[in-house]
Every structure is written in structure tokens, then in C-alpha cells.
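Structural description and commentary
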Amino acid sequence: MQKRDRQDVIVEEVRINRNVSSNFLARKLKVSEDTIRRDLNELDKKGLILKVHGGAVSTIQKLYHYNEDMIFNRDAKNTISKKAANLMNDGMVIIISGGTTNLMLAKQFPKNLKATVYTYSLPIAMQLSEHPSIEVIFIGGKINKKSMVTVGIDVVQLLSSIAADICFIGVSSINISNGITDEGYEVSLVKKAMIAASDKIIALADSNKLNVRQNYGVCSLDEIDILITELDPKDHKLRNYRSKDLEIL
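I will try to describe carefully the structure that is included in this document.

What counts and what doesn't
Here, residues in each chain are numbered from 1, in the same order as that chain's written sequence. The model is predicted, so local features are restricted to residues of pLDDT at least 70 and side-chain atom pairs to those at 80 or more, both for listing and for counting; the totals for chains, interfaces and linings are taken over all residues. Only hydrogens and water are set aside; all other atoms, that is, all heavy atoms of the structure, feed into the side-chain values. The patch calculation keeps residues exceeding 30% relative accessible area without a salt bridge and links them within 9 Å when they carry like charges or within 5 Å when they are nonpolar (Val, Leu, Ile, Met, Phe, Trp, Tyr). Residue-level accessible areas treat just the shown protein chains as cover; the underlying method is Shrake-Rupley with a 1.4 Å probe. The working definition used for a salt bridge is a side-chain nitrogen of Lys or Arg within 4 Å of a carboxyl oxygen of Asp or Glu. Secondary structure counts use DSSP, requiring at least four H or I residues in a row for a helix and at least two E residues in a row for a strand, with both numbered from the N terminus. The cut-offs for exposure are 20% and 50% of the maximum accessible area for each residue type, with area from a 1.4 Å probe on protein chains only; residues under the lower value are buried, those over the upper are exposed, and the others partly exposed. For two strands to pair, DSSP has to find at least two bridges joining them. Fitted lines through C-alpha atoms serve as axes, helices being fitted only where they are in contact, and the angles separating the N-to-C directions of these axes extend from 0 to 180 degrees. Any pair of residues with heavy atoms lying within 4.5 Å of one another is described as a contacting pair.

It is worth spelling out a nonpolar patch on the surface at this point. There is a patch of nonpolar side chains on the surface, built from Tyr185, Leu189 and Tyr216 and spanning about 280 Å² of accessible area. Following the sequence through the fold, Tyr185 ends up in helix α8 (residues 185–196). Among the residues examined, Tyr185 registers a relative accessible area of 48% and is labelled partly exposed.

Here you go:
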């Protein structure tokens with residue numbers, strides 16, 4: 001089989017199955033895994049598939065595929081997401097912001113949970129679309145290509161019409177004096193609208209985000225109901241936060 005024909009087969013297999021392993025492709029096409037790896041590298045450069053460790057996924061999955069080994073502070077974020085998942089109940093209307101911690105939370109949603117989730121994050125919307133009983137409502141708008149979230153007046157206006165039970169806010173930085181701050185102005189406006197639309201605010205922050213300030217304010221500590229980190233709630237790093245009227249998990 002010629003290389004072009006072989007690569008056409010690879011693209012079709014990825015399209016149909018959404019993800020395939022190099023081993024599977026090598027056996028199907030009766031070539032070495034080294035040959036398959038070279039093919040995947042070429043197809044990835046052309047934008048036809050996304051090469052990942054051990055195989056390839058479709059370009060649709062590229063929207064929400066993260067190599068978890070490459071997520072900074074992955075173990076901490078996994079701990080945080082497991083704590084946060086325990087706060088969900090059937091029938092809830094949930095708003096969830098973007099970021100890798102919230103993406104890991106989306107993977108932790110209880111399989112039998114029945115809820116409605118609003119999000120402006122493309123990766124999280126795609127992840128939750130695989131959940132059997134979650135109604136996912138993606139909030140459309142202008143796409144911030146760096147973070148793959150939507151921003152702008154359309155997003156803020158839609159959020160203003162929602163009455164949510166709970167909001168999971170990903171934290172770029174948090175400190176005692178300034179509360180939650182963000183590096184992007186438009187994202188900070190969207191997060192403010194999410195908070196205003198929700199009865200309970202859950203902030204997810206790994207310990208590297210503590211005692212840091214960025215340029216744009218999101219909310220004060222008084223507006224947060226629960227702060228979740230990977231630390232034990234009694235850890236000395238959380239001492240100043242414990243002095244506030246703030247539940248820490």
C-alpha cells in the first residue's frame with residue numbers, strides 16, 4: 001500500500017473511532033509502529049489528526065484533549081476535582097468556568113448525576129458531552145483562542161438570564177486583600193457574570209495560586225462560599241483564609 005493510501009486509511013479510522021492506537025494501526029495496515037509514528041507526525045502537521053502518546057485522536061477531540069501528564073500540578077488538580085465533585089446533587093443547575101482544574105472536574109462528574117451544566121469552555125463542553133445524563137449548554141460568543149473559552153457581551157448577557165444553584169470558578173490567582181483576580185479583562189467580566197448568576201460560589205485553586213494577584217478583579221473573598229485546594233484545610237498556608245467567613249475543603 002502506498003503511503004498516501006495508508007494515510008487516508010489512518011485519517012478515516014481516526015474519524016470513525018475518534019481515537020486509535022499506533023499498535024492497532026500497525027496491525028491493521030501490516031506495517032511497523034515506526035512507520036505509523038512517521039505517518040501520524042505528518043498527518044498531525046497537516047492538521048488532519050492530533051498525535052498523542054500511543055496513537056492519535058480526531059481534530060474534534062483536539063478541542064478538549066489534554067495529555068494529563070503535561071498538566072501542571074496534575075496531582076493537586078486531581079485532588080481538588082475529587083473534592084468538588086462531592087458537592088453536586090441531582091437536579092442542580094451548574095455553571096463551570098474554564099481551565100485544566102475544571103476540565104479534570106468535568107471528568108469526575110458522578111456517572112449517575114442528572115443536572116444541567118452551563119459552560120463557556122469548549123474543552124469542558126466537549127468532555128461533558130460524553131456524560132450520559134448531563135444536559136450541557138454551551139455559551140457561545142467570541143472565542144479566546146489561547147484558553148478556548150468564549151468571551152464578550154453575548155456571553156455576559158446569557159449568563160445574566162440564568163439562575164444557577166452552584167458555580168465552580170477556576171482561579172488564576174487569589175489573595176486575602178484582592179480576592180480572586182485574573183490575567184484577562186474579558187474573562188474576568190465573564191467570571192463576574194457567572195458569580196452574579198449563582199447561589200453558591202465554589203473556588204478551585206491549587207496552592208500555587210494562593211497569595212498571588214493579577215491585573216483584573218473577579219470577586220472578593222466575601223463572595224466565595226467554599227475554597228477548595230489540594231491542601232489539608234488545617235494547613236498553615238491556609239491560615240489567613242481560615243480567618244475569613246469562608247469554608248475550606
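The subject of this paragraph is the pairing of strand β11 (residues 179–182). When a strand is regular, its side chains alternate between the sheet's two faces. As judged from the 3 bridges shared by strand β10 (residues 173–175) and β11, these two strands associate in the antiparallel manner. From the neighbouring strand, Ile174 faces β11, where its bridge partner is Ile180. Linking β10 back to β11 in an antiparallel pair, the connection comprises 3 residues.

Looking now at the environment of Ala106. One can find Ala106 in helix α5 (residues 100–108). With a relative accessible area of 5%, Ala106 lands in the buried category. Counting along the chain gives 143 residues from Ala106 to Leu249, while the straight-line C-alpha distance between them is 18 Å.

Attention shifts here to the sheet that holds β10. The strand order β10-β11-β13 describes an open sheet built from 3 strands, whose pairing is antiparallel. One side of each edge strand has no neighbouring strand; the edge strands of this open sheet are β10 and β13 (216–219). Averaged over all adjacent pairs, the angle separating strand axes in this sheet is 35°, with direction ignored. As judged from the 3 bridges shared by β11 and β13, these two strands associate in the antiparallel manner.

On to the environment of Leu231. Here Leu231 is to be found in the loop between β14 (226–228) and α9 (239–242). Looking at Leu231, the relative accessible area reads 12%, which means it is buried. A C-alpha to C-alpha distance of 27 Å links Leu231 and Gly184, two positions 47 residues apart in sequence. When near neighbours in sequence (up to four residues on either side) are disregarded, Leu231 contacts Lys83, Ser207, Leu210, Lys237, Leu238 and Leu249.

This brings us to the sheet that holds strand β9 (residues 164–170). Pairing within the open sheet is parallel, and its 7 strands lie in the order β6-β5-β4-β9-β12-β14-β15. With one partner strand each, in any of the chains shown, β6 (134–138) and β15 (247–248) form the two edges of the open sheet. Where strand β5 (residues 115–119) and β6 come together, 5 bridges link them in parallel fashion. Within β6, the residue paired with Ala115 across the bridge is Ile134. This element, helix α4 (residues 74–85), spans β9, β12 (198–204) and β14 of the sheet and lies at about 145° to β14. Across the sheet, α5 is in contact with β4 (93–96), β9 and β12; its angle to β9 comes to roughly 130°.

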